[in-house]
Every structure is written in structure tokens, then in C-alpha cells.
Amino acid sequence: MNANLNIAPKFTPAEFESYVEPAAENLSTTEHIWLCICFPELALQIPAREQGMPFAVIEQQKNRHVIYAACNIAQSQGITPGMPLNAAYALCRNLRVCMRDATFERKKLEQLTRQAAHFTPSIALQEPDALLMEVSSSLKLFGGMEKLQNHVRDTFPEYDFSLSVAPTPTAAWLLAHNGLEKTIIDKASLKSVLGEIALIDTGLSMKLVEGLSKSGLYTLRDLWRLPRDGLARRFGVSLLEFLDRACAIQPDLRRVFIPGVRFKVELELLVHSDSAHLLLIALGKLLEQAEEFLRSHDAMTDTLNIELWHDHSTHTPLPIRLQKAARQAEHFLSIITERLDHLTLPHTVERVTLRIDQVLPYAEPHADLFDKRESDKQDWQQLTELIKARIGNEKIYCVQTIADHRPERAWQYCSIGKTHNNSNTQTWIKTLHRPTGLLSQAQPIAADRKKLKFITNAERIEGGWWDDNDVCRDYYVAVSAKGSRWWVYRDLKQDNRWYLHGLFT
Amino acid sequence: MNQSLDALIRSNPLLWQGASRFEPHDESISSGFEELDAVLPDGGWPTGTVIEIMVDNWGIGELQLWLSLMARFSQQDKWLTMIAPPYVPYAPALINAGIQLDRLLIIDAMVNAQDIWWSADKILRAQASAMVLVWLPKPDPRGIRRLQLAASAGNSLGVFFHRQPCTGSPAPLRLQLRACEQGLDIDIIKARGSWQRHTVTLNIQT
């Protein structure tokens, strides 16, 4: 007790009280209650499965295939998990087997969290086949533990599962995994309830379980009878920690699963059509749903995946990417309108799907009553996106300077809002006389050369061996016969000929 | 006679009505050239309108006329747009003129001429944009009329450059530029609110 009091300052007052007076603790709302649902047949829920036939899922174990899970029909013929595949075939000739697919199971489990999310936001996955839900704060809403359990049972009608409740996630899982449908609220009774569970069914490693069985230890109760220090010395601290977590002696922390937010809707067109007008009406409906979805998730998105289906197998994709995430259906629709104008469809469209794979947390545009600049900025961004959608991404840009002495390399395209202001370059540029218009490709001016009137002396631009674009040119400003001011050069490196490179517009 | 004349004026928006309907502009922006401001009816460039610049060939200094104004706008955090320039707007020279490059949007020449009119219209209407410079492949009175409406809606300035003579252009200000010994000859062909035809010579150092 003294030792505990020494570390007391680390506790908050409430925790400290409950720690020193365990007898006085009630089932308060701060106590966690974990509900575990275990789906033992999850691995069997493969879509390609033939109904009414004995079916099993197998996995590779040290060069041989063993049964991982078997359906009821197969089990009634004597097939059990862990059995070698050839032994299973000996028992049941027409057994259908399928390789285990762990990613499929994980996906399935993630799908189940959606239904589970009706009851609590704190859900943890216990792979491969169980969900852990922290329900202490949901009891009041659902009218008590019994009613809550009934609700949960009604939520998964298409699955076989076992459900149990315990104060720690490990204990809840141990119960559900072993098909013990019990509701334990009191921590003190955990040991006696869990005691009968065989060690082989606790999820501990096979090697450890074998080692324990050699010492004559088969159930959890056997372990609880042993002195702690000896157990830790002989079988490792991790075993002791596992036992402590199950009995709420040590904290049992779980990572809360946050489901990825996705959205998909589709609309069958009543009239198969390729008219942009009808498509826009259909898309408008889908976009309204999308906006509602985004609003309800307090989210926005910068990518919409639209697919225009011509029949079951062919479709025209229409991906929409925005420079800045948004959620207004109206804004999306205006961009899609422009895109549709430039889209040629090979056939009529019979179905439209809209998918949002990734959402971003919504950020309110900074609105100041007296500052119009921010809202102008929003409008401007939406406008540039609209123009991009119509004329193409690469045709709308900004320009920036680069520190390079060769005129054609002293500038660069850049995307809107990404202009880099290099002040060093700018002071250097100030000393130069440069034309406002540059030809993208210098033009030879052999014939016009004689009519030119030179008005400046030569400016030598030379060098560039380091990137294989060595130049040696003499630049002049000259007035052409028609009065234009040209920036011309004589190529001293290659052919001594004259070229027009820019216009002083 | 009078009635039919009235009917004609009402029905044909392309008919320029000179000073009879002229309302003096509240605002104007200095062009940055004193000689030019002196002859422009508003004492500078009018705002919320379009200006047509006619040249015989590119490169006589047609952009020099606008650089100081562009620099001023960009420093006030307003956007400038160049649509379909026939050459690459050369970043080092624009920096030298004082233009903030992060406020300069460039839209490349488009295959479809309709897109030029469309994007100019959209940008002229935008509040964030102060000035749009458009190089028109073919001046079209109807299109210019549309952009004139857009410019007055967005209170921005549209400047059109082209090399072909255009009859019946509804632009309120039309200038013909010619290169000369001293720099640039500006012939004010048409200016709303002024009957006189002025010619100014600007000494533009290029």
C-alpha cells in the first residue's frame, strides 16, 4: 500500500480514489464494458461458394494444406479445423475447398464495423474474425445491457456469431471465441468464468501451449493457481501480461478502428441517351446525394469518379479532379458541364455511377464580413477550375523565372498558385534588357537580315557545356522593315546564321 | 424620318451613338503616359469596359502601353490574364516591368476560337480579375459586344489586340498603333465622349 501511495501524484484524483478503495467501486460510466462479436464462419463467406455442398477453407501450413474452417455440412461428416486436407478428403469425397484469403476476411470484417457503428463509435478489430465494441456509454441510449444485446443480435441476421460481454476486451474475446455467451460486468468474477477455457483456445502461440501442456497445464485456471514470479520466469513475461490484461489487472488498450469514408451511388437512366442535357439532370441528382453525404460527414473532396456505362461491360470514365476540395453540388455540376461539352460518347448511356473514394475534413472558407478578398479568391479558384475543365489542364498556367543566362531557359511554366519568387534572380534580371515576347522556337531570318536596322551593340550569351546545351550567341535589338522591334542573334557556335528570338511587344 | 431613325437606333445595338448618349465616367485609370491621358476623354483609361488595339504587326510596342498598369494591378493583388498570346510572355521582362508573376494567368492559344471568347467572358466577369488581355484571331463585333457587357458586369478592363481591320466594332475605345522613329504613334480612332480624332506619339523605350 505504501508503494502505491508513493506513486500517487501520477494519478488524477478520481483514479487515485478508485485505486485505493476497490471495494467502493461501482459500475460507473467511466468503467469500460466490452462487447465482443465473434464470427467463426467469416472465412467461409466467400461469394463463389456452392450452397448445399460440404465446403471448407484451407491454409498452407509447413508444406501441407490443412483445414482452416469448415461449414456445418462438412463438420457433420467429421471434418474439423486443423485436419490435413487429404484426411478431410478421405472423410468426404465431394468436399469443395478454397484457399484462405486473409485480405477478404479483413475486408468483410471492416464492412461489419459499419453496422456495429450504430451502437458505438469505439470499435476495435480483433483479427481474424471478431469485433470488439466499447458499449459503456451506449447502455443508456439503448435501454440497458439486455436490450442492447438484442439490438446487436438483430443487426447481423445473415451470420452465425457468438456474443459476450466483459470488462476487458481480451476477456470478452476469449468468451466469444470459445462460444461462451456470457455477460460479465464484475471484474472480480472474471477469473472464475475464464478459468475453464482451454489454453489451446486462447490464441497463445502453439509452441507456448505445447510447453504448458507438458507441465500439465491445460486451462487458464491451471495458470491462475501458479505463483506469478515462477510463471514469468519459466514462460516469459508476455504470458503473464496476457493473463493480467484478461483480468483487468493491467490496462488493455485497443486501437479504435476508423472506417474509411466512401460513397458510391448509381442511377439507371429511364431513357438510354447520349444527350448532355439528360446526363446532367441525372448527374445533378447524384451530386446532390454526394453533397448530402459530404455534409453529413463534415467532409469535402477533390476527386469525383464518374462512370458513364453504355452496357454491362463498357463505360466511359469521367474523372473530375479539383485544384481545391469542395462539396457544393452546384460547383461540381458546372465543371462537369464543361467536361461533357468536350466528351464524345461512343454509345448511348444507360447507367451513371458516382464514386467518392477519399474525403478530406471540411474546412470552412474564411469568411470575413468586411473582407471581400477571401471570397473573391474562392470564386477565382472555382473559375480557373472551370476553365481547366473546358480547355484542358495544360493550357492554363503561370510563368516564373529561373536563374539561367540562356534566354530560353530563364523562364518556366508553373501551375496556378505555385509561382516561386526568387529574389536573387530578380535583382540579376533587372540589369538585363529582355523582350516581353519570346518565340518558343528561334526562327532563321536569312532573307530579312539585310533590311534590319540594328539599334544596340552585341550582347554575348555564352556557355552551358554542363548540361549539353552549350550556346554562343551575339544578341542585338533590331528594327524590322515593318517597324517591329526584334531581338535577334547570330549563332556563333553552329552555323553563323541569324535568328529571330523575341519581340519587344 | 425621325421615327425610323429612332427605330434603327433602338433595334441595332451595333450602331454607335456618339456623344448624344454619353454619360461621363466616374472613374478612370491613368495610363501612365501624360500625353495620352491628356487626349483620352476620361483623362485615362475608362474602367469596366473593353479597349480595342489595332496593329499591323506584332512587336511594335503594343504591350508596353499596358505594362505599368499591369504592374499596378498585380501589386494590388488583382489578377491579370493573358489569353492566346501569339508569343511566350517572357517572365524576366515582365518581372523587370514590375509585374508580380504570381498574379499573371496565361491561357494558351486554343484550337477552338469559341473557347477564347468564352474564357475571356468568364474572366472579365470575375471580381478577382482586374484586366484581361486577349489576342483575337478574328475580331467579331458580336463577340466584342458580349465581352463589353461582361467587362461592365465585372468592372474589369478588357484589352483586345488584333491585326485585321474590323468594321462596326462596338468597343467604346479603339486605338490604332503604329511604330515610328520616336516610339509609338497612337491614333485614337474612336473614343466614347469625344468627336475629335487625336494622334499622340509616345516615346516608349523598349
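Scroll up to find the structure this text is about.
A. Examining unusual backbone geometry more closely. The residue Ala-248 of chain A is not glycine, and still its phi comes out positive at about 65°. Within the secondary structure, Ala-248 of chain A is located in the loop between helix H13 (237–246) and strand E8 (263–273). Not every positive phi belongs to a glycine, and Ala-84 of chain B is a case in point at roughly 55°. Tracing the chain through its elements places Ala-84 of chain B in the loop between strand E4 (79–83) and strand E5 (88–89).

B. Inspection of the pattern of salt bridges at higher detail. Residues and elements named next belong to chain A. Following the criterion strictly, the structure yields 25 salt bridges over all chains and no others. Residue Arg-473 is joined to Glu-408 by a salt bridge in which the shortest nitrogen-to-oxygen separation is 3.1 Å. One end of the pair, Arg-473, is in strand E18 (residues 471–479); the other, Glu-408, is in the loop between strand E13 (396–401) and strand E14 (411–414), and 65 residues separate them in sequence.

C. Just the sheet that holds strand E6 (residues 130–134) of chain A, in detail. All names here are of chain A. Spatial strand order, E5-E6-E1-E7: 4 strands in an open sheet with antiparallel pairing. A single partner strand is all that each edge strand has here, and the edge strands are strand E5 (123–126) and strand E7 (162–166). The sheet shows a mean angle of 20° between the axes of neighbouring strands, taken without regard to direction. Sheet analysis places strand E1 (residues 34–38) next to E6, joined by 5 bridges and oriented antiparallel. Paired with Cys-38 across the two strands is Ala-130, which belongs to E6. Where helix H7 (residues 145–155) meets the sheet, it contacts E1, E6 and E7, and its direction lies at approximately 150° from that of E7.

D. Region of the structure containing the pairing of strand E3 (residues 64–70) of chain A. All names here are of chain A. Sheet analysis places strand E2 (residues 55–61) next to E3, joined by 6 bridges and oriented antiparallel. Bridged to Ala-56 within E3 is Ala-70. Hairpin geometry of E2 and E3 is characterised by an intervening segment of 2 residues between the two adjacent antiparallel strands and by a positive phi of about 50° at Lys-62.

E. Spotlight on the environment of Ile-461 of chain A. Residue and element names in this part refer to chain A. Tracing the backbone through its elements, the reader meets Ile-461 in strand E17 (residues 459–463). Counting along the chain gives 13 residues from Ile-461 to Asp-474, while the straight-line C-alpha distance between them is 6.3 Å. Discounting residues that sit within four places of it in the chain, Ile-461 has contacts with His-405, Arg-406, Pro-407, Arg-434, Val-471, Cys-472, Arg-473 and Tyr-475.

F. Fine view of the packing of aromatic side chains. Residues and elements named next belong to chain A. Per the counting criterion, the structure on display carries 19 aromatic pairs over all chains. Ring centres of Tyr-397 and Tyr-413 lie 4.5 Å apart, and the angle between their planes is 75°; on these two criteria the pair is classed as edge-to-face. Residue Tyr-397 is found in strand E13, and its partner Tyr-413 is found in strand E14; the two are separated by 16 residues along the sequence. Under the relative-accessibility criterion, Tyr-413 is labelled partly exposed at 47%. Centre to centre, the rings of Phe-454 and Trp-498 are 5.4 Å apart; their planes meet at 55°, and the pair counts as tilted. Here Phe-454 is found in strand E16 (residues 453–454), whereas its partner Trp-498 is found in strand E20 (residues 498–503), with 44 residues between them in sequence. Under the relative-accessibility criterion, Phe-454 is labelled partly exposed at 29%.

G. Inspection of the pairing of E6 of chain A at higher detail. Residue and element names in this part refer to chain A. Of all 5 residues in E6, 5 are buried, a share of seventy percent or more. Of the two faces of E6, the one carrying Ala-130, Leu-132 and Glu-134 and the one carrying Leu-131 and Met-133 are both buried. Note: E5 against E6, 4 bridges, orientation antiparallel. Looking at E6, one finds that Leu-125 is bridged to Leu-131. The hairpin turn running from E5 into E6, its antiparallel successor, is 3 residues long.

H. Here's a closer look at empty space enclosed by the protein. On inspection of all chains with the given rule, the structure shows 2 cavities of 30 Å³ or more. Quantified by volume, the second largest cavity comes out at close to 50 Å³. What lines the second largest cavity is Asp-404, His-405, Arg-406, Pro-407, Ala-410, Trp-428, Ile-429, Leu-432 and Arg-434 of chain A together with Tyr-90 and Pro-92 of chain B. Grouping the amino acids of the lining of the second largest cavity by side-chain chemistry returns 7 nonpolar, 1 polar and 3 charged.

I. Representation of the interface of chain A and chain B within the structure. Across the contact, 44 residues belong to chain A and 47 residues belong to chain B. Of all residues in chain A, Trp-380, Thr-436 and Thr-505 of chain A give up the largest surface area on contact with chain B, accounting jointly for 18% of the area buried on that side. Across the contact surface, chain A and chain B share 2 salt bridges. Taking the shortest distance from any N to any O, the salt bridge between Lys-453 of chain A and Glu-181 of chain B comes out at 3.9 Å. Connecting chain A to chain B are 15 residue pairs in polar contact (both at pLDDT 80 or more). Where the side of chain A that touches chain B is concerned, the elements lending two or more residues are helix H16 (373–391), E13, helix H17 (423–429) and strand E15 (437–444) of chain A. Examining the composition of the side of chain A that touches chain B, we find that 8 residues originate from one element, H16 of chain A, more than from any other. Of the residues contributing to the side of chain A that touches chain B, the split by class is 19 nonpolar, 14 polar and 11 charged. Sheet analysis places E15 of chain A next to E5 of chain B, joined by 2 bridges and oriented antiparallel. Looking across to E5 of chain B, one finds that Leu-438 of chain A is bridged to Val-88 of chain B.

J. Up close: the sheet that holds E2 of chain A. Residue and element names in this part refer to chain A. Reading across from one edge, E3-E2-E4 is the order of the 3 strands in this open sheet, with mixed pairing throughout. At either margin of the open sheet sits one strand with a lone partner, and together these are E3 and strand E4 (96–99). Strand after strand, the sheet turns through a mean of 40° between neighbouring axes, direction not considered. Where E2 meets E4, 4 bridges bridge the pair, whose relative direction is parallel. Residue pairing for E4: Phe-55 is matched across the bridge by Arg-96.

K. Up close: the packing of helix H8 (residues 169–177) of chain A against H13 of chain A. Residue and element names in this part refer to chain A. The contact between H8 and H13 brings their axes to 6 Å, and the two run at 90°. In terms of their interaxial angle, H8 and H13 are classed as roughly perpendicular. In this structure, H8 uses Thr-170, Ala-171 and Leu-174 to contact H13, whose residues at the interface are Phe-242, Arg-245 and Ala-246. Tallied by class, residues from the contact of H8 with H13 come to 4 nonpolar, 1 polar and 1 charged.

L. Local environment of the layout of surface pockets. All names here are of chain A. Each pocket or cavity is described by its volume, and for the second largest pocket that value is around 1,000 Å³. Forming the boundary of the second largest pocket are 33 residues, of which Glu-59, Tyr-68, Pro-81, Gly-82 and His-177 lie nearest the centre. Secondary-structure elements contributing two or more residues to the lining of the second largest pocket are E2, E3, helix H3 (72–76), H8 and helix H10 (206–214). Sort the elements by how many residues they give to the lining of the second largest pocket and E3 lands first, with 6 residues.

Reading the values: the criteria
- Residues numbered from 1 in each chain as written.
- Chains lettered and ligands numbered in written order.
- Predicted model: local features only at pLDDT ≥ 70, side-chain atom pairs only at ≥ 80, totals over all residues.
- Heavy atoms only, no water.
- Helix = DSSP H or I, 4+ residues; strand = E, 2+ residues; numbered from the N terminus.
- Salt bridge = Lys/Arg side-chain N within 4 Å of Asp/Glu carboxyl O.
- Pairing = 2+ DSSP bridges.
- Axes fitted to C-alpha atoms, helices over the stretch in contact; angles between N-to-C directions.
- Contact = heavy atoms within 4.5 Å.
- Phe/Tyr/Trp six-rings, centres within 6.5 Å; stacked < 30°, edge-to-face > 60°.
- Buried < 20%, exposed > 50% of the residue type's maximum accessible area, 1.4 Å probe, protein only.
- 1 Å grid on protein atoms, 1.4 Å probe; cavity = no way out; pocket = protein on both sides within 12 Å on 5 of 7 lines; lining within 4 Å.
- Points joined across faces, edges and corners; volume = space filled by probe spheres on them.
- Nonpolar A, V, L, I, M, F, W, Y, C, P; charged D, E, K, R; others polar.
- Buried area = accessible area lost by both parts, 1.4 Å probe.
- Polar contact = N/O pair within 3.5 Å; in protein donor to acceptor, adjacent residues only side chain to side chain.
- Parallel < 35°, antiparallel > 145°, perpendicular 65-115°, else oblique.

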